[in-house]
Amino acid sequence: MLIAVGMCAAAATGGVVMGYLALRRAREELDDCRRMLVRQASVAAGDLRAIRDVAVCRYDALEEMAGRLSFSVAMINGLGDGIVLTSINGCSETRTYVRCVVGGKGEQPLSPEEEEAVRAARLGLGSVAAKPRAPRQAADTL
């Protein structure tokens, strides 16, 4: 009986933590949406199809390289459409990718750094540094 009560308490605590994390993420998304709306309202009524939001996200993509030499550049118009240009720089080679963005989302899955570049462009932040994460091996990018 005591074990069952303990398990229920642990499950309830886990549920509260998960709920708190979901609420925090939802608030962050809501704040981002508010900033985007304010930014769109503050821009003069120009051609929404023209590229107007640009941001660069620099990061270390490979184990062998340091100094944030890899980057993703998002170029987005007022409708949230555009491209993300990504360059993965290593010691012996450089790979460049372009992915389309429609309505602020990638047509193909975007890497976390590409998503950060798109987010920064939509918010008008310009240059940002990606949050550090485990570097990829050169063979993983093929």
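Scoring rules and cut-offs
- Residues numbered from 1 in each chain as written.
- Predicted model: local features only at pLDDT ≥ 70, side-chain atom pairs only at ≥ 80, totals over all residues.
- Heavy atoms only, no water.
- Helix = DSSP H or I, 4+ residues; strand = E, 2+ residues; numbered from the N terminus.
- Buried < 20%, exposed > 50% of the residue type's maximum accessible area, 1.4 Å probe, protein only.
- Contact = heavy atoms within 4.5 Å.
- Salt bridge = Lys/Arg side-chain N within 4 Å of Asp/Glu carboxyl O.
- Expected span 1.5 Å × (residues − 1).
- Pairing = 2+ DSSP bridges.
- Axes fitted to C-alpha atoms, helices over the stretch in contact; angles between N-to-C directions.
- pLDDT = per-residue confidence, 0-100.

Undergrad: Outline the overall build of the chain, listing residues and values.
TA: Counting its regular elements, the chain contains two helices and six strands. Reading the chain from its N end, one meets helices and strands in the order α-β-β-β-β-β-α-β. The buried share of the chain, reckoned over its 142 residues, is 27%. Taking as baseline every contact in the chain between residues at least 6 positions apart, the subset at least 24 positions apart corresponds to 48%.

Undergrad: Could you give me a rundown of the pattern of salt bridges, with the residues and numbers involved?
TA: Using the criterion set out here, one finds six salt bridges in the structure. Glutamate 93 is paired through a salt bridge with arginine 95; the nearest N and O atoms lie 3.2 Å apart. One salt bridge in this structure joins glutamate 114 and arginine 99, with 3.4 Å as the shortest N-O distance. One end of the pair, glutamate 114, is in helix 2 (residues 112-123); the other, arginine 99, is in strand 4 (residues 94-102), and 15 residues separate them in sequence. Connected through shared salt-bridge partners, Arg25, Glu28 and Glu29 make up one network.

Undergrad: I'd like a rundown of helix 2, residues and numbers included.
TA: In this model helix 2 runs 16 Å from its N-terminal to its C-terminal C-alpha over twelve residues, within 8% of the 16 Å that 1.5 Å per residue would give. Residues Glu113, Glu114, Ala117, Val118, Ala120, Ala121, Arg122 and Leu123 constitute the buried set of helix 2.

Undergrad: A description of the pairing of strand 1 (residues 51-59) should follow, citing residues and the corresponding values.
TA: Two elements, strand 1 and strand 2 (residues 70-77), share eight bridges in a ladder whose sense is antiparallel. Paired with valine 56 across the bridge in strand 2 is valine 73.

Undergrad: For the sheet that holds strand 2, give the residues involved together with the corresponding values.
TA: A sheet is described by the order of its strands in space; here six strands give the open sequence 5-4-3-2-1-6, paired in mixed fashion. Since the sheet does not close on itself, it has two edges, and those belong to strand 5 (105-106) and strand 6 (127-129), each with one partner. The sheet contact formed by strand 1 and strand 6 spans three bridges and is parallel. The partner of arginine 58 across the bridge, within strand 6, is alanine 129. Sheet strands touched by helix 2: strand 1, strand 2, strand 3 (82-89), strand 4 and strand 6. Its angle to strand 1, the strand with the most contacts, is close to 140 degrees.

Undergrad: Can you lay out the pairing of strand 2 for me, pointing to particular residues and giving the numbers?
TA: With respect to burial, strand 2 is a largely interior element, six of its eight residues being buried. Looking at chain direction, strand 2 and strand 3 are connected through six bridges and run antiparallel. When the sheet's bridge partners are listed, isoleucine 76 is paired in strand 3 with glycine 82. The antiparallel hairpin formed by strand 2 and strand 3 contains four residues in its connecting segment, where glycine 80 sits at a positive phi of about 85 degrees.

Undergrad: Please set out the confidence of the model for the chain residue by residue, giving values where relevant.
TA: Per-residue confidence for the chain averages 79 on the pLDDT scale, and 75% of its residues sit at or above 70. For the chain, the element scoring lowest by mean pLDDT is helix 1 (residues 2-42), at 73; strand 4 scores highest, at 94.

Undergrad: Give a description of the environment of arginine 68 that names residues and reports values.
TA: Tracing the backbone shows arginine 68 in the loop between strand 1 and strand 2. The spatial distance from the C-alpha of arginine 68 to the C-alpha of alanine 129 is 8.4 Å, given a sequence separation of 61 residues. The contact partners of arginine 68, leaving out residues within four places of it in the chain, are Arg58, Tyr59, Asp60, Ala129 and Ala130.

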